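As a plain string of letters, each chain reads:
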Protein chains: 2
Amino acid sequence: MEQVSGNRAFGGTQGVWKHASTATGTDMTFSVYVPPHEDGARLPVVWYLSGLTCTHANVTEKGDYRRACAELGLILVAPDTSPRGQDVPDDEAWDFGQGAGFYVDATQAPYAANYRMWTYVAEELPALIAAHFPADMDRQSIMGHSMGGHGALTLGLTFPDRYRAVSAFAPIVAPGQVPWGEKALGRYLGPDRGDWRRHDAVALIEDGARLAGLMVDQGAADPFLDQLQPDLLRVACEAAGIPLTLRMQPGYDHSYYFISTFMADHLAWHAARLG
Amino acid sequence: MEQVSGNRAFGGTQGVWKHASTATGTDMTFSVYVPPHEDGARLPVVWYLSGLTCTHANVTEKGDYRRACAELGLILVAPDTSPRGQDVPDDEAWDFGQGAGFYVDATQAPYAANYRMWTYVAEELPALIAAHFPADMDRQSIMGHSMGGHGALTLGLTFPDRYRAVSAFAPIVAPGQVPWGEKALGRYLGPDRGDWRRHDAVALIEDGARLAGLMVDQGAADPFLDQLQPDLLRVACEAAGIPLTLRMQPGYDHSYYFISTFMADHLAWHAARLG
């Protein structure tokens, strides 16, 4: 593991790290904010999964989260959104291929070799975090934005005992029912829509997955509402008895100005559940 | 004046605007954050001047200031750092020419026609802000980073009745005594060092300029300390009886992680003086 950069921020350290990933077969870059803490302390870990086109850098540079993490004593980890590199299959479309891993392990050629973001985020990177940072891996939570909200919801619903809090900003809640998701899941996972259901938050809930609670902020002026469909999540949570705090935020769009506005709220909600 | 973008943020609006500047003879872009406010209210205006290589976008995207501005009811204006365009004289060096206007009105060819950032920031842009935003121009203050800290100090020292608070992050305090400044002032203002003194904070203080107070944060791990020389400002303020709060911040560098960490402190300090 190689440190790309390290900057003092809000009394802690914002680091960027690179390593050779066995999951993806590529170099992967991620960022970690470690808040001020006492020597020997082990801190809860909040995962932040980013959206289409993003790398670790978007939230790292544009997100207002360090003040809240410093006050609440939270580590925040921001992975990349896909494998990258000249040898990694890509696509001319902005919403597929590099920058659009959709947090699945692809089963289809030519993507299956590298596009293994599920294994990367759920297994490989947590092991690295546990080994190299002052992290208490018994206290993890997860959040994400847009495609990363999809990832946070599906990982959270799959591992309800691992992630003590799950929240999202403008998540893709039902990729199996919207164009972004149909394109990505179809090409990564193949044409059998049954195989998509464990990577679709609404389908997971319909199929029995449960969470103690869920917090979602959605900008009411988000231009991608047709891809996000927060109402499908509301209906599924109501039917399943999952307590959902869904806040439609008037005037807010899909940008980091929206995310940053509400990120401290989410981090406080996570901290209350991380103990 | 043309709106480039507008995003809801922390209950207010982060806007980016473009206009044809008479001062520079070019199009100029700037950003304005307007916090939530009541209809008809007039709000204090904080000017934020950026450093070498920056545009309005650096602080707009990377700065953690909107939460504090929303809480304190402050408008924040971020101008560009120079005229820009294919017809604007530039230089191969990263620290001169476009992105490096140094907040002076150039007198030397070929820069004199466009490099008029003093007039732009002190006269033209304030008139635009007064005309188009809910601004109380009787309550202005100014801050900046690095080259922009130099701009904030020299404007603040020149117009002590206009700017009710003046502060800086890692400012160039004595451009006449360091390589960045000698290069820029020499080429914009000519070889007579006497002409540089009104664009040099330490020289202005030596020549009699006074302020009610001054707040400066400086990262102790800043790699540009040889260009910044905060001690020269300390000595000048002590000799002149100007109350200076100079905080050397251990471990902090020159980046926006540093600025963002302390920006809320500065905004609170400004708000206390803006009434």
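Just so it is clear, the model here is predicted, and its values are computed rather than measured.

About the cut-offs
- Throughout this description, residue numbers start from 1 for each chain and increase along the sequence as written.
- As they are written, the chains are lettered A onward and the ligands numbered 1 onward, keeping that order.
- For a predicted model such as this one, the threshold for reporting local features is a pLDDT of at least 70, and the threshold for listing and counting side-chain atom pairs is 80 or more; totals across whole chains, interfaces and linings nevertheless cover every residue.
- The side-chain figures draw on all heavy atoms in the structure; neither hydrogens nor water molecules are used.
- Here the aromatic set is Phe, Tyr and Trp, taking the six-membered ring for Trp, and pairing holds for ring centres within 6.5 Å; pairs whose planes are under 30 degrees apart are stacked, those over 60 apart are edge-to-face, and all others are tilted.
- Counting from the N terminus, the helices are DSSP H or I runs at least four residues long and the strands are E runs at least two residues long.
- In this scheme, a residue with accessible area under 20% of its type's maximum is buried, one over 50% is exposed, and one in between is partly exposed, where area comes from a 1.4 Å probe on protein chains only.
- UniProt positions are given in the numbering used here, feature names are shortened, and annotations may be inferred rather than shown by experiment.
- The criterion used for residue contact is that any of the two residues' heavy atoms lie within 4.5 Å.
- It is the directions from the helix axis to the C-beta atoms whose arc is reported.
- The superposition of copies rests on a least-squares fit of C-alpha positions from residues with pLDDT of 70 or more in both.
- Values of pLDDT, which run from 0 to 100, indicate the predictor's confidence residue by residue.
- When DSSP finds two or more bridges between a pair of strands, those strands are recorded as paired.
- What counts as buried area is the accessible surface, traced by a 1.4 Å probe, that two parts surrender upon association, with contributions from both included.
- Between Lys or Arg on one side and Asp or Glu on the other, a salt bridge is scored when a side-chain nitrogen of the former is within 4 Å of a carboxyl oxygen of the latter.
- Polar contact is defined as a pair of N or O atoms within 3.5 Å, subject to the rule that within protein one atom must be able to donate a hydrogen and the other to accept it, and that residues adjacent in sequence are counted only when both atoms are side-chain atoms.
- Amino acids are sorted into nonpolar (Ala, Val, Leu, Ile, Met, Phe, Trp, Tyr, Cys and Pro), charged (Asp, Glu, Lys and Arg) and polar (every other residue, Gly among them).
- In this tally Asp and Glu are treated as negative and Lys and Arg as positive; neither His nor the chain ends contributes.
- Only the stretch in contact is used when a helix axis is fitted, and all axes are lines through C-alpha atoms; the angle between N-to-C directions ranges over 0 to 180 degrees.

Enquirer: Explanation requested: the packing of aromatic side chains in the structure shown.
Expert: By convention here, two paired aromatic rings are described through the distance between centres and the angle between planes. Going through the model one piece at a time under the given rule, you end up with 28 aromatic pairs over all chains. With a centroid separation of 4.7 Å and an interplanar angle of 25°, the aromatic rings of A:Phe96 and A:Tyr188 are classed as stacked. Taken as a pair, A:Phe96 in the loop between β5 (75-79) and α3 (117-132) and A:Tyr188 in helix α5 (residues 179-189) lie far apart in primary sequence, 92 residues in all. For A:Phe96, a relative accessible area of 0% gives the class buried. For A:Tyr188, a relative accessible area of 0% corresponds to the buried category. Relative to B:Tyr65, the ring of B:Tyr33 lies with its centre 6.4 Å away and its plane at 75°, an arrangement referred to as edge-to-face. Taken together, the residues span a long stretch of sequence, with B:Tyr33 in strand β3 (residues 27-34) and B:Tyr65 in the loop between α1 (56-62) and α2 (66-72) at a distance of 32 residues. For the pair shown, B:Tyr33 and B:Tyr65 are each scored as buried.

Enquirer: Would you mind going over the UniProt feature "active site" (unreviewed entry) in chain A with me for this structure?
Expert: Residue and element names in this part refer to chain A. As recorded in UniProt, the sites labelled "active site" (unreviewed entry) are Ser146, Asp222 and His254. The annotated residues occupy 109 residues of the chain but converge on a single region, no pair of C-alpha atoms lying more than 10.7 Å apart. Assignment of secondary structure puts serine 146 in the loop between β6 (135-145) and α4 (147-158). The exposure class of serine 146 is buried, given its relative accessible area of 3%. In this structure, serine 146 is in contact with Gly51, Phe169, Ala170, Pro171, Ile172, Trp180, Leu228 and His254, ignoring residues within four places of it in sequence. Inspection of the secondary structure assignment puts histidine 254 in the loop between β9 (244-249) and α9 (256-274). For histidine 254, the residues in contact, after removing those within four places along its chain, are His145, Ser146, Ala170, Asp222, Pro223, Phe224 and Leu228.

Enquirer: Honestly, helix α5 (residues 179-189) of chain B in this entry has me stumped. Any pointers?
Expert: What sets the pattern is the α-helix's 3.6 residues per turn: residues three or four places apart point alike. All names here are of chain B. Along α5, the residues that are buried comprise Trp180, Gly181, Ala184, Leu185, Tyr188 and Leu189. The buried side chains of α5 occupy one side of the element, clustering within an arc of 100° when seen end-on. Those residues of α5 hidden inside the fold are in contact with α7 (225-228). Glycine 190, located one to two residues past α5, shows a positive phi value of around 95°.

Enquirer: Just checking my understanding: could you explain the relation of the copies chain B and chain A for this structure?
Expert: Put simply, the two copies of the chain differ by a rotation about an axis and a shift along that axis. When chain B is fitted onto chain A, the two copies agree to an RMSD of 0.0 Å after a turn of 180° and an axial shift of 0.0 Å. Overall, the copies show the geometry of a two-fold rotation axis. Every residue of chain B has its C-alpha some distance from the rotation axis, and the shortest such distance is that of B:Lys62, at 2.5 Å. Interface overlap between copies: 100% of the residues of chain B at the interface are likewise at the interface in chain A, consistent with a symmetric, same-surface contact.

Enquirer: I keep staring at the confidence of the model for chain A and nothing clicks. Help me out?
Expert: It should be kept in mind that the predicted coordinates are not to be read in detail where pLDDT is low. Chain-level pLDDT for chain A is 98 on average; 100% of the residues reach the 70-or-more range. Our summary of model confidence lists the complex with pTM equal to 0.97 and ipTM equal to 0.95.

Enquirer: Please clarify how the pairing of strand β1 (residues 2-9) of chain B should be interpreted in this entry.
Expert: Side chains on a regular strand alternate between the two faces of the sheet. All names here are of chain B. Sheet topology places β1 next to strand β2 (residues 12-20); seven bridges connect them, and they run antiparallel. Residue pairing for β2: glycine 6 is matched across the bridge by glycine 15. Taking the residues that link successive antiparallel strands as the turn, the β1-β2 hairpin has two residues, and the phi of phenylalanine 10 there is positive, at about 50°.

Enquirer: Would you take a moment to explain the pairing of strand β8 (residues 214-219) of chain B for this structure?
Expert: Residue and element names in this part refer to chain B. Across the six residues that make up β8, a large majority, six, are buried. Alternating residues of β8 divide into Leu214, Val216 and Gln218 and Met215, Asp217 and Gly219, and every residue in both groups is buried. Pairing geometry for strand β7 (residues 163-169) and β8, over three bridges, is parallel. Residue phenylalanine 169 lies in a different strand from β8, and its bridge partner there is aspartate 217. When β8 meets strand β9 (residues 244-249), the two strands line up parallel, connected through six bridges. Bridging across to β9, glutamine 218 finds its partner in methionine 248.

Enquirer: Sorry if this is basic, but what is going on with the interface of chain B and chain A here?
Expert: In many analyses, interface size is given as the accessible surface area lost on bringing the parts together. Each side of the interface is counted separately: chain B has 24 residues, and chain A has 24 residues. Note on chain B versus chain A: buried area summed over both sides is about 1,900 Å², and carbon and sulfur give 49% of it. Here chain B and chain A share zero salt bridges between them. Taken together, the connections running from chain B to chain A amount to eight residue pairs in polar contact (both at pLDDT 80 or more). At the level of secondary structure, the elements contributing two or more residues to the side of chain B that touches chain A comprise β1, α1, α2 and α9 (256-274) of chain B. In terms of residue count, the dominant contributor to the side of chain B that touches chain A is α9(B) (five residues). Here the side of chain B that touches chain A is composed, by residue class, of seven nonpolar, ten polar and seven charged.

Enquirer: Which parts of the structure should I look at to understand the side chain of B:Asp200?
Expert: Residue and element names in this part refer to chain B. Within the fold, aspartate 200 resides in the loop between α5 and α6 (201-206). Here aspartate 200 occupies a buried position and makes no salt bridge, while the nearest side chain of opposite charge, arginine 197, is found at 6.6 Å. A polar contact is formed between the side chain of aspartate 200 and the backbone nitrogen of valine 202, at a distance of 3.1 Å. Looking at aspartate 200, its side chain comes within polar contact range of the main-chain nitrogen of alanine 203, at 2.9 Å. Apart from residues no more than four positions distant in its own chain, aspartate 200 is found in contact with Thr154, Val173, Ala174, Pro175, Gly176 and Gln177.

Enquirer: Whenever I open this one, the environment of B:His199 confuses me. Can you help?
Expert: Residue and element names in this part refer to chain B. Mapped onto the fold, histidine 199 is located in the loop between α5 and α6. Residue class for histidine 199 comes out buried when judged on its relative accessible area of 2%. Through-space distance from the C-alpha of histidine 199 to that of glycine 181 is 9.6 Å; in sequence the pair is 18 residues apart. Setting aside residues no more than four positions away along its own chain, histidine 199 makes contact with Tyr103, Val104, Trp118, His150, Thr154, Pro175, Leu185 and Leu189.

Enquirer: What is the right way to look at the sheet that holds strand β6 (residues 135-145) of chain B in this model?
Expert: Backbone hydrogen bonds are what pair the strands of a sheet, in a parallel or an antiparallel way. Spatial strand order, β1-β2-β3-β5-β4-β6-β7-β8-β9 (chain B): nine strands in an open sheet with mixed pairing. In the strand order of this sheet, the two ends are held by β1 and β9 of chain B, each with one partner. Geometrically, the sheet is characterised by an average inter-axis angle of 20° between neighbouring strands, direction not taken into account. For β6(B) and β7(B), the ladder comprises five bridges, and the chain directions are parallel. Residue pairing across strands places B:Gly144 opposite B:Ala168, the latter belonging to β7(B). Where α9(A) meets the sheet, it contacts β1 and β2 of chain B, and its direction lies at approximately 25° from that of β1(B). Helix-sheet contacts for α9(B) involve β4 (43-49), β5 (75-79), β6, β7, β8 and β9 of chain B, and the interaxial angle to β7(B) is about 165°.

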